[in-house]
Every structure is written in C-alpha cells, then in structure tokens.
Amino acid sequence: DERNSSVLNDNVLGAFLPNISITNLRQPVEIQFWHDQVLDPPAASPTAFLSSAGSRSLGSWSSEGCETRHSQGTVLCRCNHLTYFAVLLIAPSNISQAELASLTYISIVGCSISAAASLFAILLFCIFRLPAAPASPVLLLLSFRRKKSDDTTKIHMNLLGALFFLNSGFLLSEPLASAAAGLCRAAAAFLHAGLLCTLAWMAAEAFHLYLLLIKVYNTYVQRYLLKLCLFAWGLPALAVTSVLLFKKDTYGYLDIKTADGYKNATMCWLTSRAAHHSTLCFAGLVLLFNTLVLLAVVRMLSSSRRQKGMATKDWATVLGLTCLLGTTWLLAFFSFGVFFVAQLYLFTILNSLQG
C-alpha cells in the first residue's frame with residue numbers, strides 16, 4: 001500500500017466481481033494463508049492480522065469486517081466483503097499513544113534548538129574566523145603552531161554542519177510523510193545521509209582526539225582535513241546515492257505504531273530491514289571506537305597528577321567529550337526490558353539536544 005506495509009510472504013489476494021461492490025455478506029468469505037513463520041497470538045507482538053484495502057486505489061489497510069483465527073502454519077480470515085486481502089505483520093511496540101506524543105514533542109523541541117544552535121555556531125565561525133597569515137617567517141611559524149587548534153575547530157564545525165542537516169531532515173521527515181512518494185523518498189534519503197555524516201564526523205572527532213592526546217608524536221598527515229572530509233562527507237553521500245540509483249524503494253514511508261493503536265505516526269525513513277541493520281552496524285562500530293578513545297582519555301586523565309581544581313576541569317571536559325563523541329547514542333542498543341520507556345526518554349532528550 002502507500003505506506004509500504006510489511007506483508008506476510010509478499011502474498012496479496014484480490015477477490016471481487018467486475019462493476020459490483022460485494023459487502024455485508026451474511027455468510028463470510030474464508031481466506032486461508034499458509035506460512036512457515038512463528039507468529040505469536042494476535043494479542044502479542046509481533047502480531048499478524050488480516051487487513052483490506054480499497055479495490056480501486058491504493059489506500060490504508062483496515063481490519064474492519066474481518067476476523068482472524070491463528071493456528072500453527074496458517075492464518076484463517078473470515079470477511080463479510082470482497083476486496084484485496086493480506087496478512088500484515090505489525091512491528092512490536094511497547095509505548096502508548098501518549099508516550100509517542102510526548103516523545104515526538106521532545107524530539108521536535110530538542111532538534112529545533114540543536115539546529116538553531118548549530119547554525120548559529122557555524123555563522124559565528126564564518127564571521128569571526130582568523131584571516132590568512134601573511135607570508136613572513138615569524139607569522140608562518142605562529143600559523144604552524146596554531147594549525148592543530150585550527151583543525152580542531154574546523155572538525156567541530158563540520159560536525160555541527162552534519163548535526164544541522166540531521167536535525168533539519170528529522171524535522172522535515174514527518175510533514176513530508178503526507179506528500180508524494182518521490183518527495184518522501186528524497187526526505188528519507190536526506191535524513192539517512194545526515195545520520196551517516198553525523199556518525200562519521202563523530203568518528204573523525206575521536207580520531208583527532210586520539211592523535212592529539214594519545215598518539216602525540218609522529219602524527220603529521222598530509223592533507224589531513226581533506227581526507228577527513230572525503231571520509232565523513234564523501235562515503236555517506238556515495239552510499240545514499242548508490243541506494244537511490246540501484247534500490248530506491250529502500251527509502252519511503254515508515255509507520256510508527258503503538259501498543260494501543262495502529263498507524264499512529266508516519267515518517268520518511270528506511271523501509272528495508274537490510275538497510276536498517278547496515279546503518280545500525282555502522283553506528284555500532286563508530287560508537288565502539290569512540291567509546292574506546294574516550295576510555296583511554298579518561299584513563300590518561302585519572303593517572304596524571306593534577307591539582308584539585310584542574311582535576312575538576314578535566315572531568316568537566318570528559319563530560320563534554322561524551323556528547324562530542326556521541327557516546328550517548330549507545331543508549332539505542334539498550335532498548336529492551338523494563339527500562340525500555342525510560343531509555344527512550346533519555347535517548348530522545350540527550351541526542352536531540354546534542355547540537
């Protein structure tokens with residue numbers, strides 16, 4: 001359908017008579033679907049149920065007029081009308097409609113603040129950055145000493161730029177979910193690119209921190225910033241462009257369902273499990289590397305002997321690096337158990353305000 005619902009075994013059965021609408025049958029029509037999957041009872045997650053759509057146009061699926069009976073290997077559907085029939089698979093959900101509404105509100109507010117703050121910081125950097133140094137020996141020496149600090153600032157600005165694209169893409173994703181399929185696909189691709197670029201620049205931040213604090217000597221890299229840009233901007237752009245060229249259906253409408261309702265929210269995002277898992281693997285590798293670098297920095301700070309005031313400042317720096325390296329995104333890998341809802345709120349607040 002227009003929302004790209006997941007259909008059991010990709011089977012859709014159409015039953016109708018030409019030019020006649022068959023509804024309100026006294027004796028229901030029975031349709032039986034065979035499958036080799038493990039489906040929990042209808043009250044559990046994931047659940048499978050029969051839905052029907054309008055026979056003349058793409059529409060939303062509805063279970064109205066249909067009943068289902070589950071048995072091992074089959075789903076029996078009894079309906080009082082003729083139309084298109086399928087067994088839809090509902091993704092598991094543990095949040096209520098009220099929780100989804102509050103999480104959406106927090107996300108919108110947090111992403112709006114982050115997008116505005118990121119853009120403001122980038123504009124300040126463009127306005128007040130230092131001019132190019134004249135070609136005199138003394139100023140060239142000072143410029144060389146300032147180079148690493150300048151690289152750090154530029155890496156920060158690139159990360160803020162990626163965060164701006166990510167937050168802007170997220171804010172546009174839900175409004176554009178009511179637009180045409182092509183526009184929604186473009187919004188999903190933009191959001192995916194923003195996420196990949198953000199993760200890549202967080203990895204670049206960790207790598208730069210590793211060179212500055214851990215591997216201090218012999219760290220000169222020719223065309224350092226250019227190589228970081230090719231990695232953090234180029235690779236995500238190449239990945240998203242390849243998906244659009246060879247498998248554009250990967251992007252589209254994604255329904256967010258709750259435990260007490262159906263199709264409660266829709267956004268433009270990934271519709272392919274393979275693409276979702278690939279993105280998750282990339283995020284996991286980046287966050288693992290960033291966490292290891294952060295732990296190495298913490299170990300270095302704890303082993304050094306400093307005054308009490310300096311130590312306090314160092315630990316405040318560690319808290320800042322926790323956000324800079326995106327280690328709060330690790331909460332996404334702990335979305336299970338009794339802490340699921342609390343994790344969702346913590347993840348939403350921390351990461352929507354990252355900018």
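Because the structure is predicted, anything quoted here is derived from the model rather than measured. (Residues numbered from 1 in each chain as written. Predicted model: local features only at pLDDT ≥ 70, side-chain atom pairs only at ≥ 80, totals over all residues. Heavy atoms only, no water.)

Undergrad: Sorry if this is basic, but what is going on with the overall build of the protein chain here?
TA: Each helix and strand counted, the protein chain has seven helices and eight strands in total. Residue burial in the protein chain is summarised as follows: out of 355 residues, 37% are buried. Contacts in the protein chain between residues far apart in sequence, at least 24 positions, make up 75% of those at least 6 positions apart. Within the structure as shown, the protein chain displays about 20,900 Å² of accessible surface, and the carbon and sulfur contribution to it stands at 65%. (Helix = DSSP H or I, 4+ residues; strand = E, 2+ residues; numbered from the N terminus. Buried < 20%, exposed > 50% of the residue type's maximum accessible area, 1.4 Å probe, protein only. Contact = heavy atoms within 4.5 Å. Areas by Shrake-Rupley, 256 points an atom, 1.4 Å probe, with all protein chains shown as cover.)

Undergrad: It is not clear to me how the sheet that holds strand 4 (residues 66-71) should be interpreted in this structure. Could you clarify?
TA: In a beta sheet, neighbouring strands are held together by backbone hydrogen bonds and run either parallel or antiparallel to one another. As summarised here, the arrangement of the three strands in space is 2-5-4, forming an open sheet in which the pairing is antiparallel. Every other strand in the sheet has two partners, leaving strand 2 (29-34) and strand 4 as the edge strands with one partner each. For this sheet, the mean angle separating the axes of adjacent strands, direction not counted, is 20°. Across six bridges, the pairing between strand 4 and strand 5 (residues 74-79) is antiparallel. Bridging from a neighbouring strand, Glu67 pairs with Arg78 of strand 5. (Pairing = 2+ DSSP bridges. Axes fitted to C-alpha atoms, helices over the stretch in contact; angles between N-to-C directions.)

Undergrad: Would you mind showing me how to read the nonpolar core here?
TA: Among soluble globular proteins, nonpolar side chains are generally buried collectively. Core analysis: the biggest nonpolar cluster contains 41 residues, and Trp201, Leu228 and Trp329 have the highest contact counts within it. Breaking this core down by element, the ones donating at least two residues are helix 1 (97-128), helix 2 (137-173), helix 3 (181-214), helix 4 (224-246), strand 7 (251-256), strand 8 (265-270) and helix 5 (273-303). Tallying contributions element by element places helix 3 first for this core, with 15 residues. Residues contacting Trp201, with those up to four places away along its chain left out, are Ile155, Asn158, Leu159, Ala162, Leu228, Cys229, Ala232 and Trp233. Among the nonpolar cores identified, the runner-up in size contains ten residues, and Ala206, Val293, Val297 and Leu325 belong to it. (Core = buried A, V, L, I, M, F, W, Y, C linked by side-chain atoms within 4.5 Å.)

Undergrad: For this particular structure, what's the right way to read unusual backbone geometry?
TA: When glycine is set aside, most residues are seen to have a negative phi, and most peptide bonds are trans. Of note in this structure, Asn19 is not a glycine but carries a positive phi near 65°. For Asn19, the position within the fold is in the loop between strand 1 (7-14) and strand 2.

Undergrad: Would you take a moment to explain the confidence of the model for the protein chain for this structure?
TA: As a note on interpretation, predicted positions should not be read in detail where pLDDT is low. Summary statistics for the protein chain give a mean pLDDT of 80 and a share of 77% for residues scoring 70 or more. Least confident of the elements in the protein chain is strand 3 (residues 47-53), whose mean pLDDT is 50; most confident is helix 4, at 94. Every residue in residues 41-49 scores below 50 in pLDDT, and together they form 24 contacts with partners more than four places removed in sequence or on other chains. Across residues 130-145 the pLDDT falls below 50, and counting only partners more than four positions away or on other chains, this stretch makes six contacts in the model. (pLDDT = per-residue confidence, 0-100.)

Undergrad: Looking at this structure, how should I read the packing of aromatic side chains?
TA: Pairs of aromatic rings are described using the distance from one ring centre to the other and the angle between the two planes. One pass over the full model with this rule turns up seven aromatic pairs. Look at Phe16 and Tyr84: their rings are 5.7 Å apart centre to centre, the planes differ by 65°, and that puts the pair in the edge-to-face class. Of this pair, Phe16 sits in the loop between strand 1 and strand 2 while Tyr84 is found in strand 6 (residues 84-90), placing the two residues 68 residues apart along the sequence. Since its relative accessible area comes to 42%, Phe16 is described here as partly exposed. Classification of Tyr84 by relative accessible area gives partly exposed; the value is 28%. Taken together, a centroid distance of 5.7 Å and an interplanar angle of 80° make the contact between Trp329 and Phe347 edge-to-face. One end of the pair, Trp329, is in the loop between helix 6 (308-324) and helix 7 (340-352); the other, Phe347, is in helix 7, with 18 residues separating them in the sequence. (Phe/Tyr/Trp six-rings, centres within 6.5 Å; stacked < 30°, edge-to-face > 60°.)

Undergrad: Any chance you could explain the side chain of Thr327 here in plain terms?
TA: Looking at where Thr327 falls in the secondary structure, it is placed in the loop between helix 6 and helix 7. For Thr327, a relative accessible area of 11% translates into the label buried. One polar contact links the side chain of Thr327 to the main-chain carbonyl oxygen of Thr322, over a distance of 2.9 Å. Thr327 has contacts with Asn290, Thr291, Leu294 and Thr322, leaving out every residue within four places of it along the chain. (Polar contact = N/O pair within 3.5 Å; in protein donor to acceptor, adjacent residues only side chain to side chain.)

Undergrad: I would appreciate a short explanation of helix 5 in the present structure.
TA: Three or four residues apart is the spacing at which side chains of an α-helix point the same way, because the helix has 3.6 residues per turn. Between its first and last C-alpha, helix 5 extends 44 Å over 31 residues, near the 45 Å set by a 1.5 Å rise per residue. If you check which residues of helix 5 are buried, you get Ala275, Thr279, Ala283, Val286, Leu287, Asn290, Val293, Leu294, Val297, Val298 and Leu301. Among the residues of helix 5, the N-terminal cap falls to Ser272, whose side-chain oxygen and the backbone nitrogen of Ala274 are separated by 3.3 Å. (Expected span 1.5 Å × (residues − 1).)

Undergrad: Explanation requested: the packing of helix 3 against helix 5 in the structure shown.
TA: Each pair of packed helices can be summarised by the angle the axes make with each other and by the distance between the axes. Running from amino to carboxyl end, helix 3 crosses helix 5 at an angle of 25°, the nearest separation of the two axes being 10 Å. On the basis of their axis angle, the class for helix 3 and helix 5 is roughly parallel. Helix 5 is crossed by helix 3, and the crossing has left-handed handedness. (Parallel < 35°, antiparallel > 145°, perpendicular 65-115°, else oblique. Left-handed = near helix turned anticlockwise from the far one by under 90°.)

Undergrad: Would you explain the packing of helix 3 against helix 4 in this entry?
TA: Packing of helix 3 against helix 4 brings their axes to within 9 Å, and their N-to-C directions diverge by 155°. Judged on the interaxial angle alone, helix 4 and helix 3 are roughly antiparallel. Between helix 3 and helix 4 lies a crossing whose hand is right-handed.

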